[in-house]
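Given next are the chains, with one letter for each unit.
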Amino acid sequence: MATIFQPTDADVWKRLSDHYRDIQDVRLQDLFADDPDRFETMHCEGAGLILDYSRSHVTADTLDLLVQAAEELQLPERVAQLMSGAEVNTTEHRPALHTALRDFSGGAPYKDEIWEILVRMDAFVHKVHSGVWRGATGKPITDVVNIGIGGSDLGPRMVTDALYDHWSGKLRCHFVANIDRAELERTLADLSPESTLFIVASKSFTTLETLRNAETAKVWMSGVVRDETDLARHFVAVTANMDRAAAFGIDKEHIFPMWDWVGGRYSLWSAIGLPIALAVGMEQFNELRRGAYDMDEHFRTAPLKNNLPLLLGLIGIWYTNYRQASTHAVLPYAERLRLFPDFLQQLTMESNGKSVRLDNTAVDYVTSPVVWGSVESNGQHSFHQLLHQGTHEVPVDFIATLQGGMEDEHHPWLLANCLAQARALMTGKSYETAKQELLDDGLPEEETEALAMHRQMPGNRPCNIILLEKLTPQSLGALIALYEHRTFVQSVFWQINAFDQWGVELGKAMSKQIYGQLIGENTDKTMDASTRGLIELYIKHRNQG
Ligand code: F6P
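Not measured: the values here are computed from a predicted model.

Re the pairing of strand β5 (residues 196-201)
Burial analysis of β5 places six of its six residues in the buried class, the great majority of the element. Along β5, one buried face is formed by T196, F198 and V200 and the opposite face, lined by L197, I199 and A201, is buried too. As paired strands, strand β3 (residues 143-147) and β5 are joined by five bridges and run parallel to one another. Within β5, the position partnered with D143 by the bridge is T196.

Structure, rendered in structure tokens:
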């Protein structure tokens, strides 16, 4: 029985549910058999990216209805509101203007502030690259360590990693997020305090992990940094909280502002992207912005039926709310996109992991699926077994490039693996075929029946394929913006605020209370027995040690 997804009273939702019941048993291979032009009609291009959505359980009617639903929800108007700076983050009374940060039309809000920071970033990158900016002992900077977490880490970390073959070669960039000191220690092990520059990146400048790591970094620098002037040579900050950053000891001149109207997970286009600019240079950072702008323009202007973020969003809704898929896998066949799934997890799940609507009522349908994934082809030798023969239907986005980074035999093999996985998911293998293969291999008839049961594969498993011509700053920018907008489209369907994250607050507050107890500052007998028991165990263990 289908979940009834009916966010408004409009008739289109009832028609969608009826339509779902009509086609729920359709098989992908039959859709292809019935329509030899299916690939032609179900792939499209935008901002240099190609989307093949032909291997989804949708027909032209499904898409018509989903597009009608998007219209019913006034999606084009909502996109216009988003991009013009309307207060789309209703619980925090803020716009979400990540698109303004990569605007090249000159017409976006806050353009002067944005321009000013880009100019400052450019000058800073130039100073560091040219060796004009030196450490306290006069050594040029060779290593930059970004200390931040969540949106102040995942985006810049992923992009910097993905573009490693575009690095300027002037310095190395490192990232530290985890409060587990092991990450900081491992990062600093090979670095010299004299030639290391820290970027303390935190929109709020209150985030525990970041402040703790930054304090420890200060201690690590203590042999080199004697006073505030020295400190200023080794620490810069990116934040919307100038006073806190200044109180930490960072020279106001070296604080790059960001703004309330940029969400953390959408902030890599702001000065949070400083490590990217330091790694690849400002020109390439601007190419990244340009790619995202191209996707913004595509999203804003392309007809709904050829609109990549919209189509991806609609197909996601179809799987989540009609076919009841509870997870969504994103599998890049590109080593350089190995961190993309991590980035997407915050983007999608912190944005749409919500259960209260914009009108403050509880949803009565499911929202964001669990998003997961990893770099390929590695996953083929790990979790693909479940994708092929497990009991879940997991819609997959495969991401691949037409050209590899290096012209050799690896890339055609990589692409062949991607296309083979997509095809195997769809076609599967029938019991009869499995049995015949075993007979052909000379297995005795009586053994083939049992084994064929295990070797058959159901097939009919869906995927999208997203193709980049080549991984460049421009195409990467477009890819990130594609998923940002897909996330927004789905939030419009679910009628939720994609730009707040209240759910992370409770755990933060509790960790402070528990920390106080772990270090013996206070006790709280009202805590649940399990937490109390584990705290006592820790204290006992520490006292014994
Ligand atoms: O804990 C969640 C979160 O608030 C994210 O939304 C944010 O990206 C991250 O923490 C880091 O926040 P900040 O940039 O303020 O340190």
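Examining helix α21 (residues 473-494)
Taking 1.5 Å of rise per residue, the 22 residues of α21 would be expected to cover 32 Å, and the 32 Å separating its terminal C-alpha atoms lies within 8% of that figure. Within α21, 21 of the 22 residues are buried, which leaves the element mostly enclosed by the surrounding structure. Remark: Q495 follows α21 within two positions and exhibits a positive phi of approximately 60 degrees.

Here's the deal with the layout of surface pockets
Empty space within the largest pocket amounts to approximately 940 Å³. In terms of lining residues, the largest pocket is bounded by 37 residues, among which S204, T207, Q501, E505 and K508 are the most central. Every element with two or more residues in the lining of the largest pocket is listed here: α10 (208-220), α16 (340-352) and α22 (505-518). Per element, the largest residue contribution to the lining of the largest pocket is four residues, and it comes from α22. Split by residue class, the lining of the largest pocket holds eleven nonpolar, 15 polar and eleven charged.

Notes on the sheet that holds strand β9 (residues 370-372)
With respect to topology, six strands assemble into an open sheet ordered β1-β2-β11-β10-β8-β9, the strand pairing being mixed. Either end of the sheet is taken by a strand with one partner, and the two such strands are β1 (43-46) and β9. Going from strand to strand, the sheet's axes swing by 15 degrees on average, the running direction of each strand aside. Of the strand pairs in this sheet, β1 and strand β2 (residues 49-52) are connected by four bridges, and their pairing is antiparallel. Within the sheet, the bridge partner assigned to G46 lies in β2 and is L49. Across the sheet, helix α18 (residues 410-427) touches β8 (327-333), β10 (396-401) and β11 (463-468), and the angle it forms with β10 is around 160 degrees.

Some remarks on the pattern of salt bridges
Where side chains of opposite charge bring their charged atoms close, a pairing between them can arise. This structure, assessed with the given rule, holds 27 salt bridges. Salt-bridge contacts for R157 lead to E183; the nearest nitrogen and oxygen are separated by 2.9 Å. Placement of R157 in helix α8 (residues 154-162) and of E183 in helix α9 (residues 181-188) is noted, with a sequence separation of 26 residues between them. Look at E183 and you get buried, because its relative accessible area is 16%. In this structure, K429 engages E437 in a salt bridge whose closest nitrogen and oxygen atoms are separated by 2.7 Å. Since its relative accessible area comes to 28%, E437 is described here as partly exposed.

Some words on the site of the ligand
Residues in close proximity to the ligand total 13 residues, the closest being G151, S152, S202, S204 and T207. A distance of 3.1 Å is found between an oxygen atom of the ligand and a side-chain nitrogen or oxygen belonging to Q346. In the complex, 87% of the free accessible area of the ligand, which totals 390 Å², lies under the protein chains. With respect to the pocket detection grid, the ligand is positioned in the largest pocket. The class makeup of the residues in the shell around the ligand is two nonpolar, eight polar and three charged.

A few points about the packing of α16 against α21
A packed helix pair is summarised by two numbers, namely the angle formed by the two axes and the spacing between the axes. Close contact between α16 and α21 brings their axes to 10 Å; oriented N to C, the two are set at 25 degrees. Compared by their axis directions, α16 and α21 come out roughly parallel. Relative to α21, the crossing made by α16 is right-handed. From α16, F340, F343, L344, L347, T348, S351 and N352 reach across to α21, where they touch L479, I480, Y483, E484, T487, Q490, S491 and W494. A breakdown of the residues in the contact of α16 with α21 according to their chemical character gives eight nonpolar, six polar and one charged.

Let's talk about a negative patch on the surface
A contiguous patch of negative charge on the surface is contributed by D227, E228, D251 and E253. With respect to the helices, strands and loops of the structure, D227 is situated in the loop between α10 and α11 (228-234). Its relative accessible area of 39% is what places D227 among the partly exposed residues.

Calculation criteria
- Residues numbered from 1 in each chain as written.
- Predicted model: local features only at pLDDT ≥ 70, side-chain atom pairs only at ≥ 80, totals over all residues.
- Heavy atoms only, no water.
- Buried < 20%, exposed > 50% of the residue type's maximum accessible area, 1.4 Å probe, protein only.
- Helix = DSSP H or I, 4+ residues; strand = E, 2+ residues; numbered from the N terminus.
- Pairing = 2+ DSSP bridges.
- Expected span 1.5 Å × (residues − 1).
- 1 Å grid on protein atoms, 1.4 Å probe; cavity = no way out; pocket = protein on both sides within 12 Å on 5 of 7 lines; lining within 4 Å.
- Points joined across faces, edges and corners; volume = space filled by probe spheres on them.
- Nonpolar A, V, L, I, M, F, W, Y, C, P; charged D, E, K, R; others polar.
- Axes fitted to C-alpha atoms, helices over the stretch in contact; angles between N-to-C directions.
- Contact = heavy atoms within 4.5 Å.
- Salt bridge = Lys/Arg side-chain N within 4 Å of Asp/Glu carboxyl O.
- Near = heavy atom within 4 Å.
- Polar contact = N/O pair within 3.5 Å; in protein donor to acceptor, adjacent residues only side chain to side chain.
- Areas by Shrake-Rupley, 256 points an atom, 1.4 Å probe, with all protein chains shown as cover.
- Sits in = over half its atoms within 2 Å of the grid points.
- Parallel < 35°, antiparallel > 145°, perpendicular 65-115°, else oblique.
- Left-handed = near helix turned anticlockwise from the far one by under 90°.
- Patch = residues over 30% accessible without salt bridge, like charges linked within 9 Å, V, L, I, M, F, W, Y side chains within 5 Å.
- Lys, Arg positive; Asp, Glu negative; His and termini not counted.
- Charge placed at Lys NZ, Arg CZ, Asp CG, Glu CD.

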